[in-house]
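Listed below are the residues making up each chain.
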Amino acid sequence: MKNKRKILIIILLITICTLGYVFIRIVNPTIRGVVIKTREKNLTIMDVRDEGLYYVAIPENNKLEFKQGQEILVYYKYGSIIEQTLPAHIRTEDIKKITILKEKSNIQIPTEKLERVYNSGEKVLISIEEISNKGMSITIKDTNEIKHEYKDFDPYQILKKGIRGTYSKLVEKTNKKRDANSIIVNPNNTIKNTYNWKDIYGELESGEYKFVVSTSDGYMNIFIYFTIDENGKITYSKAECGLMF
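Here we summarise the structure given alongside this text. The shown structure was predicted, so the numbers you read here are calculated from the model rather than taken from an experiment.

### Some points on the overall build of the protein chain
Assigned secondary structure in the protein chain consists of 3 helices and 15 strands. Put simply, the protein chain has 245 residues, and 38% of those count as buried. Long-range pairs, those at least 24 residues apart, make up 59% of the contacts in the protein chain with a sequence separation of at least 6. When the accessible area of the protein chain is evaluated, it comes to approximately 15,400 Å², of which 50% is carbon and sulfur surface.

### So, the packing of aromatic side chains
Counted by the stated rule, this structure contains 7 aromatic pairs. Seen from their ring centres, Trp-197 and Phe-211 are 6.3 Å apart, and the 40° between their planes marks the pair as tilted. Within this pair, whereas Trp-197 is found in the loop between strand E12 (190-196) and helix H3 (198-201), its partner Phe-211 is found in strand E13 (residues 207-214), the two being separated by 14 residues in sequence. Taking relative accessible area as the criterion, Trp-197 reaches 0% and is therefore assigned buried. Grouping aromatic residues by their ring pairs yields a cluster made of Tyr-156, Tyr-195, Trp-197, Tyr-209, Phe-211 and Phe-226. Above the ring of Tyr-75, the side-chain terminus of Lys-97 is found at 4.8 Å from the ring centroid. Over the aromatic face of Tyr-225 sits the side chain of Lys-238, whose NZ or CZ is 5.0 Å from the ring centroid.

### Points about the pairing of strand E9 (residues 157-161)
Looking at chain direction, E9 and E13 are connected through 4 bridges and run antiparallel. When the bridges of E13 are listed, Ile-158 appears paired with Phe-211. Inspection of the sheet shows E9 paired to strand E10 (residues 167-169) by 3 bridges, in the antiparallel sense. The residue bridging Lys-160 from the neighbouring strand is Ser-168, located in E10. Taking the residues between adjacent antiparallel strands as the criterion, E9 and E10 are bridged by 5 residues, where Gly-165 takes a positive phi near 90°.

### A closer look at the side chain of Thr-139
Relative to the helices and strands, Thr-139 is located in strand E8 (residues 135-142). Classification of Thr-139 by relative accessible area gives buried; the value is 14%. Polar contacts involving the side chain of Thr-139 include one to the side chain of Glu-129, which spans 2.9 Å. Excluding its chain neighbours within four sequence positions, the residues that come into contact with Thr-139 are Leu-125, Ile-126, Ser-127, Glu-129, Thr-190, Ile-191 and Lys-192.

### Quick look at the nonpolar core
In terms of nonpolar packing, the biggest core is built from 24 residues, with Ile-126, Tyr-156, Trp-197 and Phe-211 touching the most fellow members. Listing elements by their share of this core, those giving two or more residues are strand E7 (124-131), E8, E12, H3, E13, strand E14 (220-228) and strand E15 (234-243). It is E14 that provides the largest number of residues to this core, a total of 5 residues. By size, the runner-up hydrophobic cluster in this structure holds 17 residues, among which are Ile-31, Phe-66, Ile-72 and Tyr-76.

About the cut-offs
Residues numbered from 1 in each chain as written. Predicted model: local features only at pLDDT ≥ 70, side-chain atom pairs only at ≥ 80, totals over all residues. Heavy atoms only, no water. Helix = DSSP H or I, 4+ residues; strand = E, 2+ residues; numbered from the N terminus. Buried < 20%, exposed > 50% of the residue type's maximum accessible area, 1.4 Å probe, protein only. Contact = heavy atoms within 4.5 Å. Areas by Shrake-Rupley, 256 points an atom, 1.4 Å probe, with all protein chains shown as cover. Phe/Tyr/Trp six-rings, centres within 6.5 Å; stacked < 30°, edge-to-face > 60°. Lys NZ or Arg CZ within 6 Å of the ring centre and 35° of its normal. Pairing = 2+ DSSP bridges. Polar contact = N/O pair within 3.5 Å; in protein donor to acceptor, adjacent residues only side chain to side chain. Core = buried A, V, L, I, M, F, W, Y, C linked by side-chain atoms within 4.5 Å.

Below you can see the structure in the form of structure tokens.
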């Protein structure tokens with residue numbers, strides 16, 4: 001009888017502690033994260049639970065000095081709306097306080113997270129070296145601090161603009177691998193890729209086209225827009241890069 005009573009008391013205590021912990025978590029929600037990038041008024045951190053990225057505003061009364069690699073605890077108000085942007089955004093008025101748990105976290109920041117935070121498509125320059133209705137050669141110069149991987153691109157796609165102004169994928173004539181012949185021009189930041197799509201799409205007819213390819217690390221798309229007129233003359237309007245969040 002005494003043993004049963006002890007077991008019931010232990011179960012009751014565990015339940016009370018659990019409910020108390022849950023209540024504290026609800027009333028005082030927190031994010032435990034590793035600092036990836038610091039700015040004057042906000043931080044970019046990685047949640048240690050799921051590696052999600054967050055923009056966190058620094059409270060105006062903050063006196064701490066934040067650095068990359070620190071492990072911190074962010075307290076935000078109950079009922080705060082976390083803007084579901086990429087990364088997610090916690091507003092200044094919703095931050096209660098930030099504490100530093102460790103000056104150097106044991107959790108290593110993955111390279112792909114660093115790329116997402118520090119890299120910009122504006123720092124990747126695309127030059128069209130040659131272009132025809134059978135293929136093209138492009139030069140890519142990456143001046144980002146952390147370079148993307150360009151040696152082995154994902155299979156590319158060509159889309160054609162329809163009468164409604166939307167682009168649709170071209171029908172492939174073969175299952176042949178769509179890869180690039182890559183030449184490293186400068187080991188530090190420049191590579192030349194040549195694409196030959198004659199066996200895949202055939203010789204392109206007149207129309208407006210969009211060429212799309214992703215970097216092999218999967219975090220950036222390259223878009224090249226070009227037009228073929230009825231006489232076979234080819235002009236390209238723009239080449240741009242966009243990070244894939």
